[in-house]
Amino acid sequence: MSKFEMRGLIVIVSVHIADIGFRAVRAVLRERPRPGRTPGLRYAETTLTGAISSGPPKLRPGRAALLASWDDDAALDRFLAEDPLPRRLAGGWHVRLRPLRFSGSWGPMPVEIAPGAAEDEEDGPVAVLTLGQLRLRRALPFLRANSQAAGRAAADPSMATSVALARPPRFVGTFSLWQSASAMQRYAYGSAQPEHKEAVREHQAKPFHHEAGFLRCRPYDARGTLDGQEPVAAAAMAPRIP
């Protein structure tokens, strides 16, 4: 049994993203939900957001995100109905995710993948969450390697949407939504686009993070819009890239 299983099991993950204005973003960062105080909550992080692109990080100062994991849909429904934080984010977009694969380690968020879950990952869009606890002395090499890989990801027509996540000084992450697992794997592991593999090799040789986890999920319910569209529907309807 892994340390994740011993600390409890994730059943679902939710990601909430909204444009709420600079002052409200500061309030959202202060109002991070706490496991033990919020029934059914396993993990939560409220973050600043930015664009995934080549070059220096591009902050979206009025956009906030909430990443959370839950016992079940009923716990998330109760949070959405009763907690004041979702009301701040209500004008944006949120998606519910079922974990398919997990690699690395992320102690605050226990993960269990349901047997056979990965067999379903080619049937429609997949979401990827990266989670990192940054080593501050490795911040510049991380930003340099991440910029090269992010530029390739942003230019990939198979990626439906993406958001960089950060909670200074240490938490960094990304959320991306792809047309399919094979499209995401071509970016991550294909020989035509080596930047991501090079960033992974550099991290393995001398880690950028104290701890890092990579979670692949199936989106199964989404509400609202982000940048004028509902990203899961857009990914499902877009022509597949061969």
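Throughout what follows, the structure given in this document is the object of discussion. These numbers come from a predicted model, not from an experiment.

## Looking at unusual backbone geometry
That bond from Pro168 to Pro169 is cis: its omega, 10°, falls within 30 degrees of zero. For Asp227, which is not a glycine, the phi torsion comes out positive at approximately 55°. Tracing the chain through its elements places Asp227 in the loop between strand E8 (209-224) and helix H8 (231-237).

## Details of the pattern of salt bridges
Counted according to the given criterion, the structure contains eleven salt bridges. Ionic pairing is found between Arg32 and Glu45, a salt bridge with its closest N-O pair at 2.6 Å. Taken as a pair, Arg32 in the loop between helix H2 (22-30) and strand E2 (41-51) and Glu45 in strand E2 lie far apart in primary sequence, 13 residues in all. Assessed through its relative accessible area of 7%, Glu45 is described here as buried. Put simply, Asp73 and Arg96 hold a salt bridge, and the shortest N to O gap is 2.8 Å. Linking Asp73 in helix H3 (residues 73-82) with Arg96 in strand E4 (residues 93-104), this pair joins segments that are 23 residues apart in sequence. Through salt bridges that share partners, Asp73, Asp77, Arg96, Asp221 and Arg223 make up one connected network.

Reading the values: rules and limits
Residues numbered from 1 in each chain as written. Predicted model: local features only at pLDDT ≥ 70, side-chain atom pairs only at ≥ 80, totals over all residues. Heavy atoms only, no water. Helix = DSSP H or I, 4+ residues; strand = E, 2+ residues; numbered from the N terminus. Salt bridge = Lys/Arg side-chain N within 4 Å of Asp/Glu carboxyl O. Buried < 20%, exposed > 50% of the residue type's maximum accessible area, 1.4 Å probe, protein only.

Note that all results are geometric; they support no functional claim without further evidence.
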